[in-house]
Structure formats: C-alpha cells, structure tokens
Amino acid sequence: DSGVTQTPKHLITATGQRVTLRCSPRSGDLSVYWYQQSLDQGLQFLIQYYNGEERAKGNILERFSAQQFPDLHSELNLSSLELGDSALYFCASSPRVDTQYFGPGTRLTVL
Amino acid sequence: AQSVTQPDIHITVSEGASLELRCNYSYGATPYLFWYVQSPGQGLQLLLKYFSGDTLVQGIKGFEAEFKRSQSSFNLRKPSVHWSDAAEYFCAVGARSNDYKLSFGAGTTVTVRA
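Described in the following lines is the structure provided in the data block.

Thresholds, definitions, all that
Residues numbered from 1 in each chain as written. Chains lettered and ligands numbered in written order. Predicted model: local features only at pLDDT ≥ 70, side-chain atom pairs only at ≥ 80, totals over all residues. Heavy atoms only, no water. Pairing = 2+ DSSP bridges. Helix = DSSP H or I, 4+ residues; strand = E, 2+ residues; numbered from the N terminus. Axes fitted to C-alpha atoms, helices over the stretch in contact; angles between N-to-C directions. Core = buried A, V, L, I, M, F, W, Y, C linked by side-chain atoms within 4.5 Å. Buried < 20%, exposed > 50% of the residue type's maximum accessible area, 1.4 Å probe, protein only. Contact = heavy atoms within 4.5 Å. Buried area = accessible area lost by both parts, 1.4 Å probe. Salt bridge = Lys/Arg side-chain N within 4 Å of Asp/Glu carboxyl O. Polar contact = N/O pair within 3.5 Å; in protein donor to acceptor, adjacent residues only side chain to side chain. Nonpolar A, V, L, I, M, F, W, Y, C, P; charged D, E, K, R; others polar. Disulfide = S-S within 2.5 Å.

Strand pairing in a sheet relies on backbone hydrogen bonds. The paired strands run either parallel or antiparallel. Residue and element names in this part refer to chain A. Spatial ordering of the open sheet is given by β1-β3-β8-β7, a layout of 4 strands whose pairing is antiparallel. The open sheet has two free edges, formed respectively by β1 (5-7) and β7 (64-68), since each of these has just one partner strand. Across the sheet, the mean angle from the axis of one strand to that of its neighbour is 15°, orientation sign disregarded. Pairing of β1 with strand β3 (residues 19-24), which is carried by 3 bridges, proceeds in the antiparallel orientation. Residue pairing across strands places Thr7 opposite Arg22, the latter belonging to β3.

Further remarks concern the nonpolar core. In terms of nonpolar packing, the biggest core is built from 26 residues, with Trp35, Leu48, Phe74, Leu76 and Tyr89 of chain B touching the most fellow members. Going through the elements one at a time, β2 (10-14), β3 (19-21), β5 (32-38), β6 (44-50), β8 (64-68), β9 (73-78), β10 (87-94) and β12 (108-113) of chain B are the ones with two or more residues in this core. Looking at which element gives the most residues to this core, the answer is β10 of chain B, with 4 residues. The next biggest cluster of nonpolar side chains, apart from the first, holds 21 residues, and it includes Val32, Tyr49, Ile60 and Phe64 of chain A.

On the side of chain A, 19 residues touch chain B, which itself brings 15 residues to the contact. Contact between chain B and chain A buries roughly 1500 Å² in total, counting both sides, with carbon and sulfur atoms accounting for 58%. Where chain B meets chain A, there are 0 salt bridges. Inspection of the region where chain B meets chain A yields 5 residue pairs in polar contact (both at pLDDT 80 or more). Secondary structure elements with two or more residues in the side of chain B that touches chain A: β5 and β6 of chain B. Of the residues contributing to the side of chain B that touches chain A, the split by class is 9 nonpolar, 3 polar and 3 charged.

All names here are of chain A. In this structure the tally under the stated criterion is 7 salt bridges over all chains. With its nearest N and O atoms 2.8 Å apart, the salt bridge here joins Arg63 to Asp85. With Arg63 in the loop between β6 (53-57) and β7 and Asp85 in the loop between β8 (74-78) and β9 (87-94), this pair connects stretches of sequence that are 22 residues apart. With a relative accessible area of 3%, Asp85 lands in the buried category.

What follows is about the state of the cysteines. Scanning the entire structure with this criterion turns up 2 disulfides over all chains. Paired by a disulfide, Cys23 of chain A and Cys91 of chain A hold their sulfur atoms 1.8 Å apart. Between Cys23 of chain A and Cys91 of chain A, the S-S dihedral sits near -45°, and the bridge is therefore left-handed. Separated by 68 residues along the polypeptide, Cys23 of chain A in strand β3 and Cys91 of chain A in strand β9 bring together distant segments of the chain. Look at Cys91 of chain A and you get buried, because its relative accessible area is 0%. Disulfide pairing is shown between Cys23 of chain B and Cys91 of chain B; the S-S distance is 2.0 Å. Between Cys23 of chain B and Cys91 of chain B the sulfur-sulfur dihedral comes to about -65°; the bridge is accordingly left-handed. Taken together, the positions of Cys23 of chain B in the loop between β3 and β4 (24-26) and Cys91 of chain B in strand β10 put the pair 68 residues apart, joining distant regions of the chain.

Next comes the structure, spelled out in structure tokens:
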C-alpha cells in the first residue's frame, strides 16, 4: 500500500459525459501527478501540481482539467468523453519532486 | 526530450532461474531512473531508483539494477525468480530540468513457469 488513495476504483459512463476522479496523496506529499495508461499509448504523463499550483503539463487533452485543493487532494476532470478515453488513470504523489508513489488507479470505461 | 526503450515485450522464465530486464534511456544529462512493477489489476509499485552515486542499486523483493552511462542502460536483475514475480515491469526516466515528470517504457511482461 503506497498510501495514495484514488476514488472511485471503477467508473463506467457514456460518451459525451463528464466525470471527476479523485486522488488523496500520501500524508505530507506536496506534489501530485496524473498519468493515463491505455493499451495503445502506454503510460503517459498528464499533469503535475505542486502545493496547489500547476507545475508541468504533458499530453493532456483540452477536454481534461485538474486542480489541487488546499488540503492537497487533487481532482482530474474529464469532459465530453470519447470511447478512446477509456483507460486506467493513475495518481502519484511525491514528498519532494523526485520519487513518485502511485495509487491503485481508477479504471474508466466509456461506452 | 527524454525517452525509454524496453526492448523485450514479454519474457518467460522458470521459477528459480535468473531474470534480467533491459532498459535503455535517452537523455542528455544524468537522468533519474526508476523501475516499477505492476501486478494484474494493481497500481505501480516502486522497486528501486537511481539518482547518483553507486551505479548498482538494490531494491525491494530481491531486485537490483545497474546504471551504465556508457550504454545508456539501467537493466533490472533478480538472481532467483519466484512465481509471485509474474507481473509487468516498467522502466522510467525523470529529470530535474523536466520537473521530474516520468517517461515510461512500454513495459515488459514477465511470466514465471513452474
């Protein structure tokens, strides 16, 4: 158990819908990272927050957005969902900005 | 840009045999290198990491990895594999100049036969 929690574990929704994935980092970790794992793209970095501020952006679609709240939990919002957005979404947290500890992931299925 | 190549998509090894997973990275300066393991339906667990210093690093579950700058490699090894080592293994590279965001290889799936 890494200490990073993600909810929900599974999410099934329809195309065009909007969902919110939640991540609680390990106690004291200021950095939160979001990754997407799909069969065709592998593991891809989406976005990073550090103490509430956006720090780095990767291959994140404009339909996706994220934020980190004062209590350091983070949410990833996915809108206008498409079939291709079906994937495992991981959150990771880091005590500094080097080693990342991953949560169990949220499996999103878009029908 | 940083990138990682894991040349082997799938490896099958007998229980008790040794295992070596290959990883080659591309990055201009000294990278931060990681190996993660993902069991079916699970998240990624950190096995070990290399930042600097001794090029042979020890990790959890009896794994070790060796950083070879001349070969741009960071291969993972285990002397004697257990059935519970069956999983997918990911090599990743990060860098301070890139805010430590990780670039992952495509992964190597390890099957352990009795």
